Structures are given as C-alpha cells and as structure tokens.
Amino acid sequence: MTTMNDTSNAARFREFKMPDVGEGLTEAEILKWYVQPGDTVTDGQVVCEVETAKAAVELPIPFDGVVHELRFPEGTTVDVGQVIIAVDVAPGSGDAAPVPEPAAQPEPEPEAPKGRQPVLVGYGVAETSTKRRARKGTGTAVPAAAAAIQGEMNGHGAAAVRESRPLAKPPVRKLAKDLGIDLATVVPTGEGGIITREDVHAAATPVPAQAQAPVAVEVAPAPAPEAPTSVVAGVRETRIPVKGVRKAIAQAMVDSAFTAPHVTEFVTVDVTRTMKLVAELKEDKDMAGVRVNPLLIIAKALLVAIRRNPDVNSAWDEANQEIVRKHYVNLGIAAATPRGLIVPNIKDAHDKTLPELAAALGELVSTAREGRTSPAAMAGGTVTITNVGVFGVDTGTPILNPGESAILAVGAIKLQPWVHKGKVKPRQVTTLALSFDHRLVDGELGSKVLADVAAILEQPKRLITWA
C-alpha cells in the first residue's frame, strides 16, 4: 500500500539520471562534482563533469532545488539511466525522508517537459530562462557530518561544506587551476558575477612567451588526474585502469589497424617559401585577430590536393559493400590532451576562406586545451592531419582515424642543407607522411595527393593557381 508519506516524498525529491550524452554511449565516469549536499541548484546549472569514451562533458540539472544526495563519488563509472543525484525540490517543507535506493534495472528516461528541446546532455534549459542565476547559500543543508563525509568521498574533504564559492564555469576553473590562480581573488566581469577566461588571464602573472613551435597544434599538457606523480620506493609496477578516452583510443586504433590495409608514403620537401608566406600573413590586416602558423598553410594545401583528387575523400561501407564518396571535407586535427588523443574536426573545411580556416583552427585547439571538445565535434571526419613535428620528430606512420581514408603526418620543420638553384644552401625542410586505406585509395591516387601537398608547400602560389 502506498502511504501518504511515500507520495509526498516522491513529489518532493526528484532524481537526475545519467543521460545518454550522444552517439549511443552506454556509460560515463564522474570526473568532478561541482555541488555538495545542501547546495542550492537552479534549472540549467552544471552539477558535474563526466567523461565518456569520446570526451569530457558537463551535465546541467533540469530543475531547481537543494541537493539532497550524491549517489556516486568521483571516479565512479555509471551506466546510462542510473540515478546520480537526488534534489529536494520543496526544501523547508518538513524533515527530509530517506531517498529510496535506485532500482536494479534502470527505469526509462522521463519525457522532456513540453517546450524544451533535448541537448547534448540533460534536458536543456527552459526557453524562458536563458541566464544562469547566481548560486545561493546553503539555506537548507543536510547534517554537517554527512556532508563532510560526502565531501571527503569526492576528494574535497570537510572544507567542502561552506557557504559560497566564486561563480565560474568548469573550463574556467580548470584554466585557473592550471595557471595557479585562486578564483576568490579574481574580479568577475561576466554577467551575473561570473568569472570569465579573460578575468583569469588578467589575474595571471605575465610569463615570457614560449618560442613558437614549427607547427603549433600541440595542446598544452596538464597533469592527468589519474596519473601517478611519483614512483613509490620498492614498487616495480603500477597498474592503471583502462577506461574513458584511453579505452576508446585503444579500441579505435585496433579496429583501424586490423581492418583497413594501411599504406604509408613519404616525401621530404623544401618549405622555405611557405615559412616566408606565414611571416607575411602575420602582418596582413585581413588576418588580424587569428593565429597564423604553418599548419594553416598545410591544411589549406591538403584541401586543395583533395579538390584536385576528390576520390581520396571517401569511406568504406562494409555492411553495404559500397564506397562512399564524400563531397565535403570535415578536416580532423589530432590533438594531444591530458586525457589522451582526440581528433576533433572542422566541419565543411573545404568551403572556408583562409581567415575562416585560421579562426576554426584556433577555436578547435582552444576548445581541446580546455577540455570542452564535444562528441559531436569529433564525429563525421573525412581526413585528418597529425602534427608530430611539435615533438621534434621527423615523421611517422600514422594510423587512420576509423571511418576515414587518409591521414597526413607533418614532421618537424628544420634548417637543413638543400640543393637550391644548383647550390647547397640552408633551407627550411620537413618530411610529410600520408597513410591511406588501400581498399579505397590506390598507390597512384595516394601518391598524387601527397605530391600535390608537397608541391604547394614548396611553391605556395599554387594555392591560387590550383584552387
């Protein structure tokens, strides 16, 4: 029999389940809780960060209330459909009764309220509420001892029970942590008192600018949360669980290496004129406000080569035994992040002007550095560029991103002796490597694509004559 107390509890406490964050993923690891029991939350407020096999994403909660219980500590992998947080939506209406334990089988997701559309995570923000309200103090809190225990489970310790914290989005908090900035000392300029990236940069002590790498696509490294910081004396091995992005990378590389027959070709090219063009573009007023580096010209060169050899931009459909010709180019850029390798792509890169391509590259790298790359940004790539040159490596034999037909590896650009106009002179030289799927791309076609990229980098004026 259902009692009145059970009915009132069901109406008072609402549960938020781990949503499907996209592309049919079945689980996610809770990386960070941004709320504690007793905290007031508002519709659309980010309550935690989770990591899927694709990327780290933020989860907003779809209703107002006071956090009653966090069901899982940080570091726990949770199946889609499991309850992760319970919220008291009617605080102050009596003693809080215990929230029922989650059922063994996940219940179907409730339908999104009328008038709101599904987004990447959660249920989105109500159309009439597009501005996040400032977090309130802990008006109705759970007992302090329980909150302290939960805080320690989440890695915050008893100090997690406090009255307020500076308002900032998770990527901004990570940026402040990386720069060693205490957010409590930062003056916010964002709407509603929210601290922005610019506020954190303004508070940071200026540091000498690093020398520009030959091709800058490397994402600034940061300590991975799971990586051991030191080796314990007497311990000969350390075992690290394979999960999240690392697990997805491993599976993707195995699938690609043992499904697509790889062929890799190499060419060494004089890129002195390309480096001069980069220097000139940096002074061009039309390129003001965007980052110009050799990668920009290399990306444009590959796009032109694909236009001249469109059959390389294809995919193999094993199920239907078909070759799918792509009439668009979603250009992937391999990026090394603290959580592992990711390959976000620039949608419809073939249609972008040089300034537009430069802006897209800058946004892609910035987003990856801050851990904000979404699963959608990594889906649908057609060809990829991987820049091993930033590590001082001459070249490599890159493995195809699954579902793509070609990947171009760019080596370090170095000053080397080179025969130029009949004389040995110091020239800027690099080595390119193109791996392609031999089911789709014959040796002739692959060679033409690589030769075209090399020819453009040797004589950048071909960007005009061939485009």
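Asks: Teacher, can you tell me more about the overall build of the protein here?
Replies: When helices and strands are counted, the protein shows 10 helices and 19 strands. Looking at the protein as a whole, 45% of its 467 residues are labelled buried. Excluding contacts between residues fewer than 6 apart, the proportion of contacts in the protein whose partners are at least 24 apart in sequence is 66%. Of the roughly 24500 Å² of accessible surface on the protein, 55% is carried by carbon and sulfur atoms.

Asks: Sorry if this is basic, but what is going on with helix 8 (residues 354-369) here?
Replies: In an α-helix, one full turn covers 3.6 residues, which means residues spaced three or four apart are oriented alike. If you check helix 8, its first and last C-alpha atoms are 23 Å apart, about what 16 residues at 1.5 Å a residue would give, namely 22 Å. Of all the positions in helix 8, only Leu-357, Ala-358, Ala-360, Leu-361, Leu-364, Val-365, Ser-366, Thr-367 and Ala-368 are classed as buried. Where helix 8 is buried, its residues contact helix 4 (197-203), helix 7 (294-308), strand 12 (331-333), strand 13 (335-337), strand 14 (340-342) and strand 15 (345-346). Backbone geometry just downstream of helix 8 places Gly-371 in the positive-phi region, at approximately 75 degrees.

Asks: Looking at this structure, how should I read the packing of aromatic side chains?
Replies: Aromatic ring pairs are defined here through the distance separating the ring centres and the angle between the ring planes. The final tally for this structure, using the stated rule, is zero aromatic pairs. Here Arg-308 stacks its cationic end above the ring of Trp-466, 3.8 Å away from the centre of that ring.

Asks: Help me understand the sheet that holds strand 3 (residues 40-41), please; the structure alone is not making it clear to me.
Replies: Within a sheet, adjacent strands bond to each other through the backbone by hydrogen bonds, running parallel or antiparallel. Strand order in this open sheet of four strands is 1-8-6-3, and the pairing throughout is antiparallel. Both outer strands of the open sheet, strand 1 (13-17) and strand 3, are each paired with one neighbouring strand and no more. Here two bridges tie strand 3 to strand 6 (residues 65-70), and the two strands are oriented antiparallel to one another. Paired with Val-41 across the strands is Gly-65, a residue of strand 6.

Asks: I tried to follow the environment of Ile-85 on my own but got confused; where do I start?
Replies: In this structure, Ile-85 sits in strand 8 (residues 83-88). The class of Ile-85 is buried, set by a relative accessible area of 0%. Between the C-alpha atom of Ile-85 and that of Cys-48, which follows or precedes it by 37 residues, the distance is 9.9 Å. The residues touching Ile-85, leaving out its near neighbours within four places in the chain, are Arg-14, Glu-15, Phe-16, Trp-33, Val-35, Ile-61, Val-67, Glu-69, Leu-70 and Arg-71.

Asks: How should the environment of Asn-313 be read in this particular structure?
Replies: Summarising the element assignment, Asn-313 is placed in the loop between helix 7 and strand 10 (314-317). Asn-313 gets classed as buried once you look at its relative accessible area, which sits at 1%. With 15 residues separating them in the primary sequence, Asn-313 and Tyr-328 have C-alpha atoms 8.2 Å apart. In contact with Asn-313, other than residues within four places in its own chain, are Ile-306, Val-324, Arg-325, Lys-326, Tyr-328, Val-329, Thr-382, Val-383 and Ser-405. Among the polar contacts listed, one links the side chain of Asn-313 to the side chain of Thr-382, at a separation of 3.1 Å.

Asks: Help me understand the environment of Ser-314, please; the structure alone is not making it clear to me.
Replies: Looking at the secondary structure, you find Ser-314 in strand 10. The spacing of Ser-314 and Val-329 is 15 residues in sequence and 9.8 Å in space, taken between C-alpha atoms. If sequence neighbours within four positions are ignored, Ser-314 has contacts with Ile-323, Val-324, Arg-325, Lys-326, Glu-404, Ser-405 and Leu-440. There is a polar contact of 2.7 Å between the side chain of Ser-314 and the backbone oxygen of Asp-311.

Asks: In this structure, what is going on with the sheet that holds strand 2 (residues 27-33)? I would like to understand it.
Replies: Pairing is antiparallel in the open sheet, where four strands are placed in the order 5-4-2-7. Each having just a single partner strand, strand 5 (56-60) and strand 7 (77-79) make up the two edges of the open sheet. If you compare each strand with its neighbour and ignore which way they point, the axes differ by 40 degrees on average. Of the pairings in the sheet, the one linking strand 2 to strand 7 comprises three bridges and is antiparallel in character. Pairing of Glu-27 across the sheet is with Asp-79, part of strand 7.

Asks: Help me out: how do you make sense of the pattern of salt bridges in this one?
Replies: For side chains bearing opposite charge, pairing can occur when the charged atoms are close. Enumeration according to the criterion identifies nine salt bridges in this entry. For the salt bridge of Arg-439 with Asp-437, the shortest nitrogen-to-oxygen distance reads 2.8 Å. In this structure Arg-439 comes out as partly exposed when scored by relative accessible area, which is 27%. By relative accessible area, which is 1% here, Asp-437 ends up buried. Here Lys-448 makes a salt bridge to Glu-444, at a shortest N to O gap of 3.3 Å. Here the residue Lys-448 and the residue Glu-444 both occupy positions in helix 9 (residues 443-458), the gap between them amounting to four residues, near one helical turn. Exposure remark for Lys-448: the relative accessible area of 43% places this residue in the partly exposed category. One salt-bridge network, held together by shared partners, links Glu-15, Glu-69 and Arg-71.

The rules behind each value
- Residues numbered from 1 in each chain as written.
- Predicted model: local features only at pLDDT ≥ 70, side-chain atom pairs only at ≥ 80, totals over all residues.
- Heavy atoms only, no water.
- Helix = DSSP H or I, 4+ residues; strand = E, 2+ residues; numbered from the N terminus.
- Buried < 20%, exposed > 50% of the residue type's maximum accessible area, 1.4 Å probe, protein only.
- Contact = heavy atoms within 4.5 Å.
- Areas by Shrake-Rupley, 256 points an atom, 1.4 Å probe, with all protein chains shown as cover.
- Expected span 1.5 Å × (residues − 1).
- Phe/Tyr/Trp six-rings, centres within 6.5 Å; stacked < 30°, edge-to-face > 60°.
- Lys NZ or Arg CZ within 6 Å of the ring centre and 35° of its normal.
- Pairing = 2+ DSSP bridges.
- Polar contact = N/O pair within 3.5 Å; in protein donor to acceptor, adjacent residues only side chain to side chain.
- Axes fitted to C-alpha atoms, helices over the stretch in contact; angles between N-to-C directions.
- Salt bridge = Lys/Arg side-chain N within 4 Å of Asp/Glu carboxyl O.

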